[in-house]
Amino acid sequence: MAIIKLSNVNKIYNNDVHALKDIDLSVQEGDIYGIIGYSGAGKSTLIRLLNGLETATNGEVVVLGEDFGKINNEQRRIKRQSIGMIFQHFNLLWSRTVAENIAFPLEILGIPKAEREKRVDELVKLVGLEDRKSNYPSQLSGGQKQRVGIARALAGKPKILLCDEATSALDPETTADVLELINEIHKKTNITVVLITHEMNVVKTICTKVAVIDDGKIVEEGLVSDVFYNPQNNVTKKFLKQTSFSSEKSAIQNVANWKEEFVNGRIIKLTFNNKNFNEPIINDVTHEFNVKLNIIQGKVDKTKTGYIGTLYTQLIGEDVDIDKVIDKLIKLEITVEVL
Ligand SMILES: Nc1ncnc2c1ncn2[C@@H]1O[C@H](COP(=O)(O)OP(=O)(O)OP(=O)(O)O)[C@@H](O)[C@H]1O
Ligand SMILES: [Mg+2]
């Protein structure tokens, strides 16, 4: 069941800026849903709709079964207790300790002190900050501050965690740690995560699904492995260039050299995803038709929803046999390009 469903949503600021255009988006319970886009694309506007901080100009924003546009302030306040959020700049209270920051939402909910303290103890343990409870934010590293942000967001045991560029202020190693923490929390609690980013590596590391947003519109969406395997939109292709999966450019430059080096047969690029990976298919097919296969360059990437890979190969044999190999590979849903 969709835990978040947006239908035909538009957001126009001040009768002027059309920040979101006809957005349809469906997030299933347990998804780690990435939304990627350039600056100004409308990502923060979208995520603010999901916790009712912003209202849609028109369209439906159904979160946990109710349309944010059709409930009153009190219902909205209650609903927001089921939605935690973390921010790029952490938004911690500087005059409060780690423990007091994490307890803050529980105080607002009127949870008694003893219960608050118990919950804070669980949370500092969960995020690995047991020995930092009485520190102030200024005494913490960026990664530790975001751990406090995560603990605070989870204090009220929300069903949904929203992350707006939660790792953008962190270095790559700390980013990896924070993503790993979110991943662990997801595994333990099956919390639904919606995560905004402008980095495809973040999507690759942690997300199960992705939507690409450009100029207020969703231009592509799907399972991460499928989108990586077969991107349709130019913006998606541009974002994929940020990842190690897109060493396309250097490969293309190499092809000219390969053609001189590997004069026999044909040079062929194979692209496959988890559906056909991990089986000695290619070996079997070439044997079947008596074609020799020489691997020139290969690469396999891991996403949360499976493996994707590219293989540059030289096929040596009779032309008719090479054709048969290619036919067979296509039938196996491997993408074949003759270079
Ligand atoms: N409160 C507001 N009032 C008026 N215009 C706004 C408001 N918030 C955002 N906008 C405009 O809406 C558009 C989308 O902004 P938004 O902040 O959603 O983009 P973003 O994808 O989050 O960008 P960034 O990556 O820089 O954070 C921009 O043109 C922005 O100027
Ligand atoms: Mg933003």
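I will try to describe carefully the structure that is included in this document. (Residues numbered from 1 in each chain as written. Chains lettered and ligands numbered in written order. Predicted model: local features only at pLDDT ≥ 70, side-chain atom pairs only at ≥ 80, totals over all residues. Heavy atoms only, no water.)

### As for the packing of aromatic side chains
The tally for this structure, following the rule as stated, stands at 1 aromatic pair. Relative to phenylalanine 239, the ring of tyrosine 38 has its centre 4.3 Å away and its plane inclined at 20 degrees; by these criteria the two rings are stacked. You can see tyrosine 38 sitting in the loop between strand 3 (32-36) and helix 1 (43-50) and its partner phenylalanine 239 sitting in helix 9 (residues 234-240), a full 201 residues away along the chain. Residue classification places tyrosine 38 among the partly exposed residues on the basis of a relative accessible area of 33%. Exposure remark for phenylalanine 239: the relative accessible area of 1% places this residue in the buried category. Sitting over the ring of phenylalanine 68, lysine 79 keeps its end group 6.0 Å from the ring centre. (Phe/Tyr/Trp six-rings, centres within 6.5 Å; stacked < 30°, edge-to-face > 60°. Helix = DSSP H or I, 4+ residues; strand = E, 2+ residues; numbered from the N terminus. Buried < 20%, exposed > 50% of the residue type's maximum accessible area, 1.4 Å probe, protein only. Lys NZ or Arg CZ within 6 Å of the ring centre and 35° of its normal.)

### What to know about the packing of helix 11 (residues 281-288) against helix 12 (residues 319-331)
Packing of helix 11 against helix 12 leaves a shortest axis separation of 9 Å and a crossing angle of 145 degrees. For the pair helix 11 and helix 12, the crossing hand works out as right-handed. Contacts from Ile282, Val285, Thr286 and Glu288 in helix 11 reach Val325, Lys328 and Leu329 in helix 12. Looking at the contact of helix 11 with helix 12, its residues break down into 4 nonpolar, 1 polar and 2 charged. (Axes fitted to C-alpha atoms, helices over the stretch in contact; angles between N-to-C directions. Left-handed = near helix turned anticlockwise from the far one by under 90°. Contact = heavy atoms within 4.5 Å. Nonpolar A, V, L, I, M, F, W, Y, C, P; charged D, E, K, R; others polar.)

### Some remarks on the sheet that holds strand 1 (residues 2-13)
The strand order across the open sheet built from 4 strands is 2-1-4-5, with neighbouring strands paired in antiparallel fashion. Among the strands making up the open sheet, the edge pair consists of strand 2 (17-28) and strand 5 (66-67). Sheet analysis places strand 1 next to strand 4 (residues 58-63), joined by 5 bridges and oriented antiparallel. Among the inter-strand pairings, leucine 6 is bridged to a residue of strand 4, identified as valine 61. Sheet contacts for helix 1: strand 1, strand 2 and strand 4; angle to strand 1, the most-contacted strand, approximately 125 degrees. (Pairing = 2+ DSSP bridges.)

### Notes on the pattern of salt bridges
Within this structure, the stated rule accounts for 17 salt bridges. Between glutamate 288 and lysine 328 there is a salt bridge, with its nearest N and O atoms 3.2 Å apart. Taken together, the residues glutamate 288 in helix 11 and lysine 328 in helix 12 connect sequence positions 40 residues apart. The class for glutamate 288 is partly exposed, based on a relative accessible area of 49%. (Salt bridge = Lys/Arg side-chain N within 4 Å of Asp/Glu carboxyl O.)

### So, the site of ligand 1
Inspection of the region around ligand 1 gives 13 residues, with Ser39, Gly40, Lys43, Ser44 and Thr45 positioned closest. Serine 44 is positioned with one of its side-chain polar atoms (N or O) 2.9 Å from an oxygen atom of ligand 1. Between threonine 45 and ligand 1, the recorded distance is 2.6 Å, taken from a side-chain N or O atom to an oxygen atom. Notes on ligand 1: free accessible area 630 Å², of which the protein chains cover 62%. Among the secondary structure elements, those contributing two or more residues to the shell around ligand 1 are strand 2 and helix 1. A total of 4 residues in the shell around ligand 1 trace back to one element, the largest contributor, which is helix 1. Grouping the amino acids of the shell around ligand 1 by side-chain chemistry returns 5 nonpolar, 6 polar and 2 charged. (Near = heavy atom within 4 Å. Polar contact = N/O pair within 3.5 Å; in protein donor to acceptor, adjacent residues only side chain to side chain. Areas by Shrake-Rupley, 256 points an atom, 1.4 Å probe, with all protein chains shown as cover.)

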